[in-house]
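# Results of the structural survey
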Amino acid sequence: MSLDRAAREKLVRALAESVIQHADELTSLDQAIGDGDHGLNMKRGFEAVLATLPGLADKSLPEMLKAIGMTLVMKVGGASGPLVGTFFMELGKALPEQSIRADLVAATAKAIDAVKARGRSEAGQKTLLDVLVPVQVVLAVGGDAKAIAAEAAQAADRTTPMLAIRGRASFLGERSIGHMDPGSRSASLLISAAVKVLEF
Ligand code: ADP
Ligand code: MG
Ligand code: MG
């Protein structure tokens, strides 16, 4: 879990690439049940994060995560910036400098609680929490990278039949049913990218 500088830089690049390469897909998902900006929002945010390299990777893992979160909160308009940004910031705050996997389990739980508070939301409302919450459970029970990435993808898929109760998609009521939640898809992409680098 203690990543050296090269691994930290690799992690940042992998996270950024995962959403930037899928920006069009994220936009299409948001066009169906939102305002069509999710791909651009995530791309803008992670391009801003990439622009803070190489200095970003000089920081310790907790400080680096906090800095990523602050950049996302500042640079991304819309709901996703403050929510995804809060996740990274709180994860950084909760992780000790020398962290082991058990610390990550506790820290991700705290970061998810912060997202819930910020979004006044819970799992089951067709938001990125519908990916974060079940993936955290797989992490907590000791799932490996493959199990975590698989759960992330399946959890994003499971948002398709859900009724949106938070965010713009909720304005559509029943018409939100039948489309994957864009924020869940981006969360799944970020999680898959992260576990590949972390090699759980
Ligand atoms: P906006 O909806 O402001 O245009 P984005 O399109 O970038 O912002 O992000 C939309 C995503 O944000 C949704 O797909 C959903 O996953 C997430 N989201 C929106 N509102 C909330 C909320 N209150 N709690 C948790 N997640 C939310
Ligand atoms: Mg949007
Ligand atoms: Mg918007």
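Keep in mind that what you see is a predicted model, and the values were worked out from it rather than measured.

## Here's the deal with the overall build of the protein chain
Secondary structure assignment for the protein chain yields 10 helices and zero strands. Each helix (α) and strand (β) of the protein chain, taken in turn from the N terminus, gives the series α-α-α-α-α-α-α-α-α-α. A principal-axis box enclosing the C-alpha atoms of the protein chain has dimensions of 45 × 35 × 30 Å. When the 200 residues of the protein chain are sorted by exposure, 46% land in the buried category. Taking contacts inside the protein chain between residues at least 6 apart in sequence as the whole, the part at least 24 apart equals 62%.

## What to know about the UniProt feature "domain: DhaL" (unreviewed entry) in the protein chain
Mapped onto the present numbering, the UniProt feature "domain: DhaL" (unreviewed entry) falls on residues 6-196. Secondary structure across residues 6-196 comprises 70% helix and 0% strand; the distance between its end C-alpha atoms is 15 Å.

## As for the site of ligand 1
The environment of ligand 1 is made up of 23 residues, and the closest members are Gly 78, Gly 119, Thr 127, Gly 167 and Gly 183. Mapped by element, the contributors of at least two residues to the shell around ligand 1 are α3 (38-50), α6 (80-94) and α10 (182-198).

## Observations regarding the nonpolar core
Membership of the largest hydrophobic core comes to 49 residues, with the highest contact counts inside it found for Phe 88, Leu 91, Val 131, Leu 132, Val 135, Ala 152 and Ile 191. Considering each element in turn, this core owes the most residues, seven residues, to α6. Not counting residues within four places of it along the chain, the set of residues in contact with Ile 191 comprises Val 135, Ile 148, Ala 149 and Ala 152.

## Section: the packing of helix α8 (residues 129-140) against α10
Where α8 meets α10, the axes come as close as 8 Å, and the angle between the chain directions of the two elements is 40°. Facing Asp 130, Val 131, Leu 132 and Val 135 of α8, the residues of α10 in contact are Ser 184, Ala 187, Ser 188 and Ile 191.

## Regarding α10
The terminal C-alpha atoms of α10, which comprises 17 residues, lie 24 Å apart, in line with the 24 Å expected from a rise of 1.5 Å per residue. The buried fraction of α10 amounts to 12 of the 17 residues, a majority that puts the element mostly inside the structure. Those residues of α10 that sit buried are Pro 182, Gly 183, Ser 184, Arg 185, Ser 186, Ala 187, Ser 188, Leu 189, Leu 190, Ile 191, Ala 193 and Val 195. On its buried face, α10 sits against α1 (5-20), α2 (23-33), α3, α6, α8 and α9 (145-158). Positive backbone phi, approximately 50°, marks Glu 199, located one or two places after α10.

## Topic: unusual backbone geometry
In this structure, the amide linkage connecting Leu 53 to the following residue, Pro 54, adopts the cis form with an omega of 5°. In this structure, Arg 120 takes a positive phi of about 45° despite not being glycine. You can see Arg 120 is positioned in the loop between α7 (101-119) and α8. The exposure class of Arg 120 is exposed, given the 8 C-beta atoms found within 10 Å. Located in the positive-phi region is Lys 126, a residue other than glycine, with phi close to 65°. The topology assignment puts Lys 126 in the loop between α7 and α8. For Lys 126, a count of 28 C-beta atoms within 10 Å translates into the label buried.

Cut-off values and rules
- Residues numbered from 1 in each chain as written.
- Chains lettered and ligands numbered in written order.
- Predicted model: local features only at pLDDT ≥ 70, side-chain atom pairs only at ≥ 80, totals over all residues.
- Helix = DSSP H or I, 4+ residues; strand = E, 2+ residues; numbered from the N terminus.
- Buried ≥ 20, exposed ≤ 12 C-beta atoms within 10 Å, placed from the backbone.
- Contact = placed C-beta atoms within 7 Å.
- UniProt positions renumbered as here; feature names shortened; annotations may be inferred.
- Near = placed C-beta within 6 Å.
- Core = buried A, V, L, I, M, F, W, Y, C linked by C-beta atoms within 7 Å.
- Axes fitted to C-alpha atoms, helices over the stretch in contact; angles between N-to-C directions.
- Expected span 1.5 Å × (residues − 1).

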